[in-house]
Amino acid sequence: MTVLQIDNLGFSYGQRTVLRLDTLTLNEGDTCAVIGPSGCGKTTLLHLIAGLLQPAQGSVAVCGQRLDALDASARDRFRGHHLGIVFQRLHLLPALDVLENLLLAQRLARVSPDAKDARRLLDALGVGEFARARPAQLSQGQAQRVAIARALVHRPALLLADEPTSSLDDDNAERAIDLLQDQARAVGAALLVVTHDRRIRGWLAREVQLEPPA
Ligand SMILES: Nc1ncnc2c1ncn2[C@@H]1O[C@H](COP(=O)(O)OP(=O)(O)OP(=O)(O)O)[C@@H](O)[C@H]1O
């Protein structure tokens, strides 16, 4: 199944074109890094794929559905169901414990909350013992694992990760990418990592170089 199809994509702020991407297709199980320098439009691309921005030109389809063809609330539901996103700032809810963060993600995706499944995922990511901890009690690496678990707990078709290695040393950067790949594979999701981190080269099956538009 084609999970992500991008064609002739362009986005502008006013007169200024900030993103151009001719084509990108991800099928079930594919892993891909989009690599480019600061300002080349990586975050803009993630926002377009997530339906948080609308293309000025061309199209983005997730699981065959063009996001710009949906109204705002249908788009929110679609995003919650089909996408998992690991943000650069992890955005774990500080008032909830780790397990509650995962159960909320299931609820928002309209999947029945399943604490057993959530705990299984936390265990697989090596943070099962923190299920009842608050995000503030976790190290950065532990919080990142929880954020990966939260992005996958509703079994999305596509996992998006924004700069997942930028604050990590070489060993932990490679470990984080392995973890994303392994866990995406375990739930059958395609994985797209967006980064300026050139260390990532060769770590994922595919790479796309994003250049700032002329
Ligand atoms: N709200 C906005 N209004 C105008 N220009 C913007 C806005 N947001 C981003 N831009 C511009 O769009 C371009 C692409 O920004 P984007 O954040 O997508 O780049 P990026 O590749 O993610 O950068 P970085 O690696 O530094 O996070 C940049 O030149 C930026 O200045």
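Cut-offs and rules
- Residues numbered from 1 in each chain as written.
- Predicted model: local features only at pLDDT ≥ 70, side-chain atom pairs only at ≥ 80, totals over all residues.
- Helix = DSSP H or I, 4+ residues; strand = E, 2+ residues; numbered from the N terminus.
- Contact = placed C-beta atoms within 7 Å.
- Pairing = 2+ DSSP bridges.
- Axes fitted to C-alpha atoms, helices over the stretch in contact; angles between N-to-C directions.
- Near = placed C-beta within 6 Å.
- Buried ≥ 20, exposed ≤ 12 C-beta atoms within 10 Å, placed from the backbone.
- Right-handed = clockwise from strand over helix to strand, strands pointing away.
- Parallel < 35°, antiparallel > 145°, perpendicular 65-115°, else oblique.
- Left-handed = near helix turned anticlockwise from the far one by under 90°.
- Nonpolar A, V, L, I, M, F, W, Y, C, P; charged D, E, K, R; others polar.
- UniProt positions renumbered as here; feature names shortened; annotations may be inferred.
- Core = buried A, V, L, I, M, F, W, Y, C linked by C-beta atoms within 7 Å.

**Student:** Lay out the environment of Gly84 with the relevant residues and their values.
**Tutor:** Within the secondary structure, Gly84 is located in strand E6 (residues 83-86). In this structure the C-alpha to C-alpha distance between Gly84 and Leu122, which are 38 residues apart in sequence, comes to 16 Å. In this structure Gly84 touches Ala151, Leu152, Pro156, Leu159 and Ala189, once residues within four positions along its chain are discounted.

**Student:** Please provide a residue-by-residue account of the sheet that holds strand E5 (residues 65-66), values included.
**Tutor:** An order of E2-E1-E4-E5 is seen for the four strands of this open sheet, with the pairing classed as antiparallel. Both edges of this open sheet fall to strand E2 (16-27) and E5, since each of them pairs with a single strand only.

**Student:** Please give an account of the sheet that holds strand E3 (residues 31-35) that cites residues and values.
**Tutor:** Spatial strand order, E6-E7-E8-E3-E9: five strands in an open sheet with parallel pairing. Unpaired on one side and paired on the other, E6 and strand E9 (206-209) mark the two borders of the sheet. Strand-to-strand twist of the sheet, defined as the mean angle between neighbouring strand axes without regard to direction, takes the value 20°. Across the face of the sheet, helix H1 (residues 42-49) comes into contact with E3, strand E7 (158-162) and strand E8 (190-195) while running at roughly 155° to E7. Of the strands in this sheet, E3, E7 and E8 touch helix H6 (residues 170-187), which is tilted by about 155° from E8.

**Student:** Residue-level account of the site of the ligand, with values.
**Tutor:** Close to the ligand lie Tyr13, Val18, Gly36, Ser38, Gly39, Cys40, Gly41, Lys42, Thr43, Thr44 and His196, which account for all nearby residues. Considering each element in turn, the shell around the ligand owes the most residues, three residues, to H1.

**Student:** A description of the pairing of E7 should follow, citing residues and the corresponding values.
**Tutor:** Counting buried positions along E7 yields four of five residues, so the element is predominantly enclosed. Pairing geometry for E6 and E7, over four bridges, is parallel. Counterpart to Leu83 in the pairing with E7 is Leu158. Considered for its hand, the β-α-β crossover made up of E7, H6 and E8 is right-handed.

**Student:** Describe in detail the packing of helix H3 (residues 98-108) against helix H4 (residues 115-124), supporting the description with residues and values.
**Tutor:** Running from N to C, H3 and H4 point in directions that differ by 120°, and their axes come no closer than 10 Å. Our classification of the angle between H3 and H4 gives oblique. The two elements H3 and H4 cross, and the hand of that crossing is right-handed. Here Val98, Leu99, Leu102 and Leu103 of H3 lie close against H4, whose contacting residues are Ala115, Ala118, Arg119 and Leu122. Its residues assigned to classes, the contact of H3 with H4 shows seven nonpolar, no polar and one charged.

**Student:** Before we move on, can you summarise the UniProt feature "domain: ABC transporter" (unreviewed entry) in the protein with the specific residues and values?
**Tutor:** Under the UniProt annotation, the feature "domain: ABC transporter" (unreviewed entry) is placed at residues 4-208. Here residues 4-208 is 35% helix and 26% strand, with 14 Å between the C-alpha atoms at its ends.

**Student:** Any chance you could break down unusual backbone geometry for me, citing the residues and the numbers?
**Tutor:** Unlike most non-glycine residues, Cys63 shows phi in positive territory, near 50°. Tracing the backbone through its elements, the reader meets Cys63 in the loop between strand E4 (57-62) and E5. In this structure Cys63 comes out as partly exposed when scored by C-beta crowding, with 18 C-beta atoms within 10 Å. Its identity as a non-glycine residue notwithstanding, Glu163 has a phi of 50°, on the positive side. Looking at where Glu163 falls in the secondary structure, it is placed in the loop between E7 and H6.

**Student:** Mind laying out the nonpolar core, listing which residues take part and the relevant values?
**Tutor:** Counting 58 residues, the largest nonpolar core has Leu158, Leu159 and Leu192 as its most contacted members. Among the elements that take part in this core, helix H5 (residues 140-152) stands out by supplying six residues, more than any other.

**Student:** Now, about the environment of Ala109: what can you tell me, with residues and values included?
**Tutor:** Examined against the element boundaries, Ala109 turns out to sit in the loop between H3 and H4. Taking the C-beta count within 10 Å as the criterion, Ala109 has 18 such neighbours and is therefore assigned partly exposed. Once the C-alpha coordinates of Ala109 and Val153 are considered, the two residues, 44 residues apart in sequence, prove to be 9.4 Å apart. For Ala109, the residues in contact, after removing those within four places along its chain, are Gly80, His81 and His154.

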